[in-house]
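Below, each chain spelled out in residue letters.
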Amino acid sequence: MPLLLGCIADDFTGATDLANNLVRAGMRVVQTIGVPSVPLQADVDAVVVALKSRTLPPQEAVAQSLAALRWLQSQQVQQVYFKYCSTFDSWYRGDTRGNIGPVTEALMQALGCDFTIATPAFPDNQRTVFKGHLFVGDVLLSDSGMKDHPLTPMNDANLVQVMQAQCQRPVGLVDYRVTAQGEAAIRARFEALRAEGVGVAIVDALSNDDLLRLGPALKGMPLVTAGSGVAIGLPANWGLTPSPATSQLPLAGGWRAVVSGSCSQATRAQVARFKARGGEALAIDPLALNDDAAVDRCVEQALTWASTRLAHGPVLVYSTADPAQVQVVQQQWGVQAAGERVEQTLARIAQGLVRAGVRQLVVAGGETSGACVQALEITQLQIGSQIDPGVPWCHAHSPLVDQGLHLTLKSGNFGGEDFFQQAFVLLQSASTGAA
Ligand code: ADP
């Protein structure tokens, strides 16, 4: 079967978010961690290559994205989708105003295409674009928390201007009145802009219906660039419609565990809820992780603790803590070193749990997920059904145990308070076919 859609995502959890939208709209999807070195084995409709290019300088982001494109072309994908953040942020230093423009133009050149779109709109997730201006909830991007982001500040909400500052080609606008009229009007506007020499069009979208109206106008466009929202309107271009079959994963078995290194508010509430409902939970103490021997001891103790409890239900091992506690740890080790030390410890615990028979694993935290996936030597994830918005169950093969396992990678602020319990209930019912 030919691959219909090949996606390049500029970060890991963003890739999962996109894959999740495609599955819900009717595609069977695999996400790869980085650019694969071998052809895809799975029979799917779309593949999402997860890069870590959002916070890289343009030259490096372009090189990684072109490598991903070459691999996708070797798989003969019919359309390419470059996915970035719904707040349109990326590397920003001095005169370099982001890498979204440079990556877009490099992909256009490599694909020999002279026109594409750019829109981070995803109204279901509170991202709308009106007259080219990006709103986060009720406020302009430039009035949102993104204005103070330490790495990628966004102090201009006018995406035509933002994109123009990053592009050589002229940037234009398809405004909301055109989007509202649907495919024919949108295509006519594309042609008019193209005739004016515009290479990239920002597209307004105020509702998910706008994204569904935009979808058909993108049929046949070699390159689409967007947040994850535009994806909801693409599968229909190949006659695909939402179906439970697309999110079907192999049957789940084995022990269940949660590893949490996220200190975000939502995760803190999820850990508290898990414990309040009587779940078996073990906190690891980052201050005790003095050296390699201390890390070894911590991992061993956690695995011994878990070994007597795994048979009785999901166990939780966590470093999740409130900001004051995190600050104490960061003062002791430094921000970077503290993060890495905790990530490595949790990743080794996840590795040990899987070796001990865990086959249903929830990981909380974006960076923590990256470390766990790496420790488990996982390179591909098949995307299953959604637990909470943006967070699906996945199935992956780990060479460590030479077997498949189910895992879900939850970025910090995602998921309701009962996420940990609900995730396993959902997987159980998906596996037994219960409602
Ligand atoms: P999120 O998705 O919530 O941002 P991440 O896993 O991406 O979660 O980031 C959390 C970071 O905080 C990781 O680097 C993790 O190792 C680190 N960390 C976790 N627990 C603690 C703690 N108790 N003290 C200090 N740092 C911690």
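Please read all numbers here as calculations on a predicted model, not as lab measurements.

A.B. asks: I'm lost on the packing of helix H10 (residues 323-333) against helix H11 (residues 335-355) in this one. Help?
C.D. replies: Where H10 meets H11, the axes come as close as 7 Å, and the angle between the chain directions of the two elements is 110°. If you check the angle between H10 and H11, you find them roughly perpendicular. Where H10 approaches H11, its residues Val 329, Gln 330 and Trp 333 are matched on the opposing element by Val 335, Ala 337, Ala 338 and Arg 341. Of the residues in the contact of H10 with H11, the class split is 5 nonpolar, 1 polar and 1 charged.

A.B. asks: Explanation requested: unusual backbone geometry in the structure shown.
C.D. replies: The general pattern is negative phi for most residues beyond glycine and trans for most peptide bonds. One non-glycine residue, Gln 126, adopts positive backbone phi at about 70°. Mapped onto the elements of the fold, Gln 126 is located in the loop between strand E5 (116-119) and strand E6 (127-130). One non-glycine residue with positive phi stands out, namely Asp 402, at about 50°. Positionally, Asp 402 belongs in the loop between strand E17 (391-398) and strand E18 (403-410).

A.B. asks: For this particular structure, what's the right way to read the domain arrangement of the protein?
C.D. replies: How large an interface is tends to be reported as the accessible area lost when its parts come together. Per the domain assignment, the segments of the protein are domain 1 (5-242) and domain 2 (248-432). The C-alpha centroid of domain 2 is placed 30 Å from the C-alpha centroid of domain 1. At the junction of the two partners, domain 1 supplies 15 residues and domain 2 supplies 17 residues. Summed over both partners, the interface of domain 1 with domain 2 buries about 1300 Å², with 61% contributed by carbon and sulfur atoms. When the area that domain 1 buries against domain 2 is broken down by residue, the three leading residues are Phe 12, Asn 20 and Ile 33, summing to 33%. Joining domain 1 to domain 2, the criterion identifies 1 salt bridge. For the salt bridge of Glu 367 with Lys 52, the shortest nitrogen-to-oxygen distance reads 3.6 Å. Between the two partners, domain 1 and domain 2, sit 5 residue pairs in polar contact (both at pLDDT 80 or more). Residue assignment for the side of domain 1 that touches domain 2 shows that the elements contributing at least two residues are helix H1 (12-24) and strand E2 (29-33). Ranked by residue count, the leading element in the side of domain 1 that touches domain 2 is H1, at 8 residues. Across the side of domain 1 that touches domain 2, the residue classes break down as 7 nonpolar, 5 polar and 3 charged.

A.B. asks: I would appreciate a short explanation of the environment of Thr 55 in the present structure.
C.D. replies: Looking at where Thr 55 falls in the secondary structure, it is placed in the loop between strand E3 (46-50) and helix H2 (58-74). The exposure class assigned to Thr 55 is partly exposed, which follows from its relative accessible area of 44%. Residues Thr 55 and Arg 28, 27 residues apart in the sequence, show an inter-C-alpha distance of 29 Å.

A.B. asks: Just to check I follow, could you spell out empty space enclosed by the protein for this structure?
C.D. replies: One simple way to see leftover space: roll a probe sized like a water molecule over the atoms. Under the defined criterion, the tally for this structure stands at 1 cavity of 30 Å³ or more. Its volume calculated, the largest cavity comes out at about 40 Å³. Lining the largest cavity are Thr 13, Thr 16, Gly 390, Leu 409, Lys 410, Ser 411 and Phe 414. At the level of secondary structure, the elements contributing two or more residues to the lining of the largest cavity comprise H1 and E18. Taken together, the residues of the lining of the largest cavity sort by class into 2 nonpolar, 4 polar and 1 charged.

A.B. asks: Sorry if this is basic, but what is going on with the side chain of Asp 17 here?
C.D. replies: By the secondary structure assignment, Asp 17 is in helix H1. Of the side chains bearing the opposite charge, Lys 83 lies closest to the buried Asp 17, which forms no salt bridge; the N-O distance is 4.8 Å. Of the polar contacts made by the side chain of Asp 17, one reaches the side chain of Ser 228; its length is 3.2 Å. With residues near it in sequence (within four places) discarded, Asp 17 still touches Ser 228 and Gly 390.

A.B. asks: Explanation requested: the pairing of strand E12 (residues 255-260) in the structure shown.
C.D. replies: Side-chain direction in a regular strand flips from residue to residue, so the side chains alternate between the two faces of the sheet. As paired elements, E12 and strand E15 (residues 358-364) share 6 bridges and run parallel to each other. Considered in E15, the bridge of Arg 256 is made with Gln 360. Summarising the sheet, E12 and strand E14 (residues 315-318) pair through 4 bridges and their orientation is parallel. Looking at the pairing, Ser 260 lines up with Tyr 318 of E14.

Rules used throughout
Residues numbered from 1 in each chain as written. Predicted model: local features only at pLDDT ≥ 70, side-chain atom pairs only at ≥ 80, totals over all residues. Heavy atoms only, no water. Axes fitted to C-alpha atoms, helices over the stretch in contact; angles between N-to-C directions. Helix = DSSP H or I, 4+ residues; strand = E, 2+ residues; numbered from the N terminus. Parallel < 35°, antiparallel > 145°, perpendicular 65-115°, else oblique. Contact = heavy atoms within 4.5 Å. Nonpolar A, V, L, I, M, F, W, Y, C, P; charged D, E, K, R; others polar. Domains from an automatic or database assignment. Buried area = accessible area lost by both parts, 1.4 Å probe. Salt bridge = Lys/Arg side-chain N within 4 Å of Asp/Glu carboxyl O. Polar contact = N/O pair within 3.5 Å; in protein donor to acceptor, adjacent residues only side chain to side chain. Buried < 20%, exposed > 50% of the residue type's maximum accessible area, 1.4 Å probe, protein only. 1 Å grid on protein atoms, 1.4 Å probe; cavity = no way out; pocket = protein on both sides within 12 Å on 5 of 7 lines; lining within 4 Å. Points joined across faces, edges and corners; volume = space filled by probe spheres on them. Lys, Arg positive; Asp, Glu negative; His and termini not counted. Pairing = 2+ DSSP bridges.

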